Amino acid sequence: MDPSRLSHVNLYVGDARQAAYYYCRAFGFRVVAESLPGLQPCTVLLAQGRIRLMLTSTTDASDPVARYVAAHGDGVVDIAIAVPDVARAFRTAVANGADPVMTPSSRTGPGCTVVSAAVRGFGDVIHTFVEAGTPLPHPTLSPIDEPRPEPPDGELLRDIDHFAVCVPAGELDKAVSGYQETFGFEEIFEEFIEVGRQAMSSKVVREPSSGITLTILEPDATHAPGQIDSFLRSHGGAGVQHVAFETGDIREAVRRLGDQGVEFLKTPDAYYDLVEDRVGELGDELGDLHARGILADRDAWGLLLQIFTRSPYARRTLFLELIERRGARTFGSGNIRGLYEAVEREQSRAGGTDAD
Ligand code: FE2
């Protein structure tokens, strides 16, 4: 693929304005553009750091947006990529096996003209190619004069680090080779995780120019059903399980977002008894990481700190992650297991219905 970068992430939701309020108040985003009042679908664009989060909803039950929400609940529908030449990116992806969704077109709205095209990614998730440099990613958006709410003192969330994607058993390798052949992604990490009677496989692919990174997870069919099966059942097939926001100060982010109502998964005290054996000395920070439930891990290049939120959605599908990288370029091996165990505890606490 030509040099590219992540353009934006589009979520189809039940009510874009309510969702915008949540992401602004809880996560510190600000509204930078929205569709004109009364226009359907309703679209709101949020920003923080280099992150562009688009929220789309409709009151028309026959609209594809409503059909997506009925099938999957609120969730990520589009991981959009900014490219220098939309037609060429679309042509190349389709020639390499991508399923076309929207042929290249130029659409002019109140805010700007947008040249875009789209291909299928996995499940009902697509990748829209948007011409690089376009001020707004969708033609129905109009910039608003004064972003609201005002940015807090310093933006805590800087970028999207990666997306975690669940696929049905047996589809992991096909998804990985699809991203390699169609979009030029490279496999950078793989792991098989066994926890109790459950197991899952994970492979991480990254597009070298944009840095767009997907952690793709599949349940192991030879083991008992677990949280990946639970996601696939609740979500109705393959989809984005979590979006990881990169921060330069995870301890401050957890403190502030926690104060603003974000619920983070708990980490058992016993985790901190052994963490320095795995990742090395954490010094004075250990107590604070422990108090906030932040996980620490290490790869060949350095340290990474992570924490996962509870899913704020009724279906318990999509959730968010915060990650601070101190040199680490990939993922350590301890925290996927840590997340798996934390989610299992969370689901047991919720009544055990999802952990079967
Ligand atoms: Fe993650």
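One can find the structure itself at the top, above this paragraph.
Conventions adopted
- Residues numbered from 1 in each chain as written.
- Predicted model: local features only at pLDDT ≥ 70, side-chain atom pairs only at ≥ 80, totals over all residues.
- Heavy atoms only, no water.
- Axes fitted to C-alpha atoms, helices over the stretch in contact; angles between N-to-C directions.
- Helix = DSSP H or I, 4+ residues; strand = E, 2+ residues; numbered from the N terminus.
- Parallel < 35°, antiparallel > 145°, perpendicular 65-115°, else oblique.
- Left-handed = near helix turned anticlockwise from the far one by under 90°.
- Contact = heavy atoms within 4.5 Å.
- Nonpolar A, V, L, I, M, F, W, Y, C, P; charged D, E, K, R; others polar.
- Salt bridge = Lys/Arg side-chain N within 4 Å of Asp/Glu carboxyl O.
- Buried < 20%, exposed > 50% of the residue type's maximum accessible area, 1.4 Å probe, protein only.

S.K.: What exactly am I supposed to notice about the packing of helix H7 (residues 269-279) against helix H8 (residues 285-292) here?
M.R.: The angle between the axes and the distance between the axes are what describe a pair of packed helices. Where H7 contacts H8, the axes come no closer than 10 Å and their chain directions differ by 150°. Accordingly, the angle class assigned to the pair H7 and H8 is roughly antiparallel. The interaxial crossing formed by H7 with H8 has right-handed handedness. Side by side, H7 and H8 meet where Asp269, Tyr272, Val275 and Glu276 of the first sit next to Leu286, Leu289 and His290 of the second. Partitioned by chemical class, the residues of the contact of H7 with H8 number 4 nonpolar, 1 polar and 2 charged.

S.K.: Help me out: how do you make sense of the pattern of salt bridges in this one?
M.R.: A side chain of one charge can pair with a side chain of the opposite charge if their charged atoms are brought near each other. Tallied over the full model, the rule gives 17 salt bridges. Residue Arg17 is joined to Glu34 by a salt bridge in which the shortest nitrogen-to-oxygen separation is 3.4 Å. One end of the pair, Arg17, is in helix H1 (residues 16-27); the other, Glu34, is in strand S2 (residues 30-35), and 17 residues separate them in sequence. Given a relative accessible area of 15%, Glu34 falls into the buried group. The partner of Arg292 in a salt bridge is Asp288, and the shortest N-O contact between them spans 3.4 Å. On the criterion of helical spacing, the pair formed by Arg292 and Asp288 is a turn pair, its members being 4 residues apart in helix H8.

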